[in-house]
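Descriptive structure summary
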Amino acid sequence: MTLLPVLLAGGTGSRLWPLSREHYPKQFLALTDSNSLLQNTALRTQALPGVVAPLAICAEQHRFVVAEQLRAVDMTGARVLLEPEGRNTGPAATCAALLATELHGHDTVLFVMAADHVIPDAEAFAKASAIAIEAAKAGHIVSFGIQPTHPETGFGYIRAGAAVSVDGACQIAEFVEKPPLAKAEAFLAAGDYYWNGGMFLFRADVFLDEVRRLEPDMLAACQKALAEGSREMDFVRLHGPSFREARNESIDYAVMEKTDKAALVTLDAGWDDIGSWNYLAKLPDVDARGNVARGDVMFEDCDGTLVHGSHRLVTALGLTDTVIVETIDAVLVASRDRLQDVKKIVTRLKAAQRSEAVARPRVYRPWGWYETISLADRFQVKRIMVKPGEKLSLQMHHHRAEHWVVVSGTARVTNGDKVFLLGEDQSTYIPLGHTHRLENPGKLPLELIEVQSGSYLGEDDIVRFEDVYGRTPVPAGMP
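Because the structure is predicted, anything quoted here is derived from the model rather than measured. Residue numbers run consecutively from 1 along every chain, following the written order of its sequence. With pLDDT at 70 or above as the cut-off, local features in this predicted model cover only qualifying residues; side-chain atom pairs require 80 or more to be listed or tallied, and sums for whole chains, interfaces and linings still use all residues. Note: side-chain values were computed over all heavy atoms of the structure, leaving out hydrogens and water.

1. A closer look at the overall build of the protein chain
The line we're drawing: Secondary structure elements are defined from DSSP: runs of H or I of at least 4 residues count as helices, runs of E of at least 2 residues count as strands, and each element is numbered from the N terminus. The reference for a compact globule is 2.2 Å times residues^0.38; the radius of gyration itself is calculated from the C-alpha atoms. Working definition: with a 1.4 Å probe on protein chains only, accessible area under 20% of the residue-type maximum means buried, over 50% means exposed, and in between means partly exposed. In these tables, accessible area is a Shrake-Rupley quantity obtained with a 1.4 Å probe, and a residue counts as shielded only by the protein chains included in the view. Residues scored as positive are Lys and Arg, those scored as negative are Asp and Glu, and His as well as the terminal groups of each chain are ignored. For charged residues, the charge sits on one atom: NZ in Lys, CZ in Arg, CG in Asp, CD in Glu.
For the protein chain, the count of helices and strands is 10 helices and 28 strands. Relative to the globule expectation of 23 Å for 479 residues, the C-alpha radius of gyration of the protein chain, 24 Å, shows essentially globular dimensions. Projected onto the principal axes, the alpha-carbon positions of the protein chain cover approximately 75 × 60 × 40 Å. A buried classification covers 51% of the 479 residues belonging to the protein chain. As displayed, the protein chain offers around 20900 Å² of accessible surface, 51% of which is attributable to carbon and sulfur atoms. Taken together, the 49 basic and 62 acidic charged side chains of the protein chain have centroids lying 4 Å from each other.

2. Some thoughts on the state of the cysteines
When the sulfur atoms of two cysteines share a covalent bond, that bond is a disulfide. The line we're drawing: Working definition: a disulfide is two cysteine sulfur atoms within 2.5 Å of each other.
This structure, assessed with the given rule, holds zero disulfides. Distance from the sulfur of Cys58, which forms no disulfide, to the nearest cysteine sulfur (Cys95) is 13 Å.

3. As for the packing of aromatic side chains
The condition that has to hold: Aromatic rings from Phe, Tyr and Trp, taking only the six-membered ring of Trp, are treated as a pair when their centres fall within 6.5 Å; an angle between ring planes under 30 degrees marks them as stacked, one over 60 as edge-to-face, and anything in between as tilted. Put simply, a charge is over a ring when the Lys NZ or the Arg CZ is close to the ring centre, within 6 Å, and near the line of the ring normal, within 35 degrees.
Here the structure, examined in full by the defined rule, presents 12 aromatic pairs. Between Phe111 and Phe144, the ring centres sit 5.4 Å apart and the planes meet at 10°, which makes this aromatic pair stacked. Residue Phe111 is located in strand S4 (residues 109–114), and its partner Phe144 is located in strand S5 (residues 141–146); the two are separated by 33 residues in the primary sequence. Ring pairing ties together the aromatic residues Tyr24, Phe28 and Tyr364, which thus form one cluster. The ring of Trp369 carries the charged tip of Arg362 above its face, separated from the ring centre by 3.6 Å.

4. Quick look at the confidence of the model for the protein chain
Test applied: Think of pLDDT as the predictor's per-residue confidence, scored from 0 to 100. A contact between two residues is defined here by any heavy atoms of the two lying within 4.5 Å.
In this model, the protein chain carries an average pLDDT of 93, and 98% of its residues clear a pLDDT of 70 or more. Under a pLDDT of 50 for its full length, residues 473–479 has, in the predicted model, 28 contacts with residues more than four places off or in other chains.

5. What about the sheet that holds strand S19 (residues 368–376)?
The condition is simple: When DSSP finds two or more bridges between a pair of strands, those strands are recorded as paired. Note on geometry: axes are C-alpha line fits, over the in-contact stretch for helices, and angles between N-to-C directions span 0 to 180 degrees.
If you trace the six strands from one edge of the open sheet to the other, you get S18-S19-S20-S27-S22-S25, paired in antiparallel fashion. Each having just a single partner strand, strand S18 (362–365) and strand S25 (427–430) make up the two edges of the open sheet. Strand-to-strand twist of the sheet, defined as the mean angle between neighbouring strand axes without regard to direction, takes the value 20°. Looking at chain direction, S18 and S19 are connected through four bridges and run antiparallel.

6. Concerning the pattern of salt bridges
Applied cut-off: Salt bridge, as applied in this entry: a Lys or Arg side-chain nitrogen positioned within 4 Å of an Asp or Glu carboxyl oxygen.
Across all of its chains, the model carries 36 salt bridges by this definition. The partner of Arg289 in a salt bridge is Asp301, and the shortest N-O contact between them spans 2.9 Å. Of this pair, Arg289 sits in the loop between strand S11 (262–267) and strand S12 (292–294) while Asp301 is found in the loop between strand S13 (297–300) and strand S14 (306–309), placing the two residues 12 residues apart along the sequence. Each of Glu60, Arg63, Glu232 and Arg237 takes part in one network of salt bridges that share partners.

7. Description of the side chain of Asp461
Test applied: Pairs of N or O atoms within 3.5 Å make up the polar contacts considered here, provided that, within protein, one atom can donate a hydrogen while the other can accept it, and that residues adjacent in sequence are counted only when both atoms are side-chain atoms.
Relative to the helices and strands, Asp461 resides in the loop between strand S27 (446–454) and strand S28 (463–466). Of the side chains with opposite charge, Arg400 comes closest to the buried, unpaired Asp461, at an N-O distance of 4.4 Å. Polar contacts involving the side chain of Asp461 include one to the main-chain amide nitrogen of His399, which spans 3.0 Å. Filtering out sequence-adjacent residues up to four positions away, Asp461 remains in contact with Met396, His397, His398, His399, Arg400 and Tyr456.

8. Focus on the pairing of S18
The side-chain alternation of S18 yields one buried face, formed by Val363 and Arg365, and one unburied face, formed by Arg362 and Tyr364. Hairpin connection, S18 to S19: the antiparallel pair is bridged by two residues.

9. Here's the deal with the environment of Ala97
By secondary structure assignment, the location of Ala97 is in helix H3 (residues 89–104). The spatial distance from the C-alpha of Ala97 to the C-alpha of Ala204 is 5.0 Å, given a sequence separation of 107 residues. Setting aside its immediate chain neighbours within four residues, Ala97 contacts Leu110, Ala204, Phe207 and Leu208.

Here it is as structure tokens:
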């Protein structure tokens, strides 16, 4: 048996704003330990039987972050499936099953899961997964039911039915939409209702047969999108027009609520979807008054106050049930009972075309990252890190000149018709219109300060002549 983890890594980055952004949603954040949620999701699957390197599904703008984070935790052979736009989990799972069939065979077992959830009890997760794998091998399409801990109104529910032939699995008697509080309380008391955690496990051929029967147009669109797409390195890019023909639908509505092959496996492993900043209150380091500090934080006479600091000292005085999240370019202060409305703030920021809704100051690229230190009229200062052995594209700018100062490491610089090395504390000047390239030939990260000056400093002022990452000649925002 081959088990392929499928990591759904889409998202808008609004729930945990300002730490998460549209270009850096929560699955890329390290919230519980030194690994990101995406990395922990991938690592969680590696102890399961027959597992191979995961397949991540994400948007084009997230592709290099996904690839780099998986590489950083030694997920050699991981692939990234790029969606031209989000069409919900139905088309995503269908494309994953088609690709899995091509790569590993018709009887490949897929484990489809969100990349931004937390499951701290690894042993319980492995035990439930083993049951689900056996049920999938027997021809069931398995959904995981999360053991509820309180009457939650923000999740859908699944009611357990009669047992099936696989010990530990059962039929699904009913899917229930997000209930009002009274119903949620009744579900909790009944004991046979579970939260719908959005995790699925199935054999590729079984799932595709059901999609063919229940959603033939979706299957046809996905087949066409994969066949007419493109491939480069470990990226599989779906054909946009074809993929947009697939109906925007979830696995639940497209397949699970209609099929007679659905089965349920329960999971009691501390699952959490980290739906808001209230997740901080569930961490083990809550003090005697219900306060939680992440970063350099000082409380004075506070109760139930949650603070996540990133770049400076944060002090809180006389606050009750308040959340403070500090980043280098934005601060959120909110009442804990209003955290679901953070999306309203993000919506307003986007309407005002504020960059704080979209990107963080540090922008990740396949070669490393850069972050803006200072920006004003006619000049910009950036800090740049280039990974060992990597290089930026061979490029030029029409409207700006650049000064580079090496802080650490060694740089190989192409500047016009000259190629030379720079060490620490050495610098060079790139005149406007000069062809240039920055490379790191060493074994340590290269860090430098770049000072740009000119009439226009936008990231779309790039003419790219050569690029090892297969990027197009002049893509906005991708140096």
